[in-house]
Amino acid sequence: MPATRFICLSGHEVNINQCLKKCIHTQRCMFLPTLRAVANSLNRKLQNATVTELLAGTMETFLKKTTDYAVDPINQMYALHGSAVHTLNENYTEGNMLSEERLHDEITSGKFDLFGQILDKEDNTLGDYKITSSYKLMKALGYYKIDVPTGEVYKTGIKKVNQKPKKNGELMELNMF
Ligand code: SF4
């Protein structure tokens, strides 16, 4: 079953259709078109489990398929952002490229983002878009910021007379063991 309710900032739950007609609070938490887009993204009608759903916990996927549930629309923004990037790129593929094709077998289905001559004319490449934060990417690549001494000390508070460091502006390479 799909998500049927939004969770408002106040913690109240509201039927999604009711929210789209009229906010139950004095002011909407998000723009109406954005809420409509979130509602549309939740309205999936695939019967069998998808490969993406199989990656989630079995109980989570089972409950999402068998019960209705509520979501905080703000928490859906990352997923919506990812979908929007897929749609944008989909409009710029050409003859020797496939985009957003769903493949089915008797158990499951999965959709690939891109396939074909997406890098050069010689090879067929499978492409997969990933949306992440620059911070997560930085950590995955083994970079981090370090404290460097400034020669100054804290003048007040519990750190008084302690050295006052600052984060360096350069990313330092992490030693991997
Ligand atoms: S717009 Fe936001 S605050 Fe208003 S009813 Fe919908 S989810 Fe709740």
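Calculation criteria
- Residues numbered from 1 in each chain as written.
- Predicted model: local features only at pLDDT ≥ 70, side-chain atom pairs only at ≥ 80, totals over all residues.
- Heavy atoms only, no water.
- Core = buried A, V, L, I, M, F, W, Y, C linked by side-chain atoms within 4.5 Å.
- Buried < 20%, exposed > 50% of the residue type's maximum accessible area, 1.4 Å probe, protein only.
- Helix = DSSP H or I, 4+ residues; strand = E, 2+ residues; numbered from the N terminus.
- Contact = heavy atoms within 4.5 Å.
- Patch = residues over 30% accessible without salt bridge, like charges linked within 9 Å, V, L, I, M, F, W, Y side chains within 5 Å.
- Areas by Shrake-Rupley, 256 points an atom, 1.4 Å probe, with all protein chains shown as cover.
- Salt bridge = Lys/Arg side-chain N within 4 Å of Asp/Glu carboxyl O.
- Expected span 1.5 Å × (residues − 1).
- Arc of directions from axis to C-beta.
- Near = heavy atom within 4 Å.
- Nonpolar A, V, L, I, M, F, W, Y, C, P; charged D, E, K, R; others polar.
- Pairing = 2+ DSSP bridges.
- Axes fitted to C-alpha atoms, helices over the stretch in contact; angles between N-to-C directions.

A. Expanded view of the nonpolar core. Counting residues in each nonpolar core, the largest one holds 13 residues, and the members touching the most others are F6 and L42. Elements supplying a minimum of two residues to this core: β1 (3-7), α1 (16-21) and α2 (32-42). Top element by residues in this core is α2. It accounts for four residues. Every residue in contact with L42, bar those within four places of it in the chain, is listed here: P2, A3, F6, I16, V71 and Q76.

B. Just the environment of F6, in detail. In this structure, F6 sits in strand β1. For the pair formed by F6 and N43, sequence separation is 37 residues and the distance between their alpha carbons is 13 Å. Dropping the residues within four chain positions of it, F6 is found in contact with H12, E13, V14, I16, C19, L35, V38, A39, L42, V71 and P73.

C. Local environment of a nonpolar patch on the surface. A cluster of nonpolar residues, M59, F62 and L63, forms a patch on the protein surface that exposes about 320 Å² of accessible area. Along the chain, M59 turns up in helix α4 (residues 58-66).

D. Looking closely at helix α5 (residues 77-90). In a regular helix each residue adds 1.5 Å, so 14 residues correspond to 20 Å; α5 covers 20 Å between its end C-alpha atoms and thus fits that length. Among the residues of α5, L80, G82 and H86 are the ones counted as buried. Each buried residue of α5 lies within a common arc of 160° when the element is viewed along its axis, so the set occupies one face. Tucked into the core, α5 has its buried residues touching α2, β4 (97-104) and β5 (109-116).

E. Spatial organisation of the site of the ligand. Every residue close to the ligand is listed here: F6, C8, V14, C19, C23, I24, H25, R28, C29 and L35. Counted by class, the shell around the ligand contains eight nonpolar, one polar and one charged residues.

F. The sheet that holds β4, seen in detail. Overall, antiparallel pairing links the three strands, which are arranged β4-β5-β6 in an open sheet. Sheet topology places β4 and β6 (125-127) at the edges, where each strand pairs with a single neighbour. Across the sheet, the mean angle separating the axes of adjacent strands is 40° when strand polarity is ignored. Note that β5 and β6 share three bridges and pair antiparallel. Within β6, the residue paired with F115 across the bridge is L126.

G. The pattern of salt bridges, seen in detail. Applying the stated rule across the entire model yields six salt bridges. As a salt-bridge pair, K64 and E60 come within 3.3 Å of each other at their nearest N and O atoms. With K64 and E60 both in helix α4, this residue pair falls four residues apart, about one helical turn. Residue classification places K64 among the partly exposed positions, given a relative accessible area of 38%. According to the relative accessible area criterion, E60 is partly exposed, its value standing at 42%. What emerges from the salt-bridge pattern is a single network uniting R5, E13 and D68.

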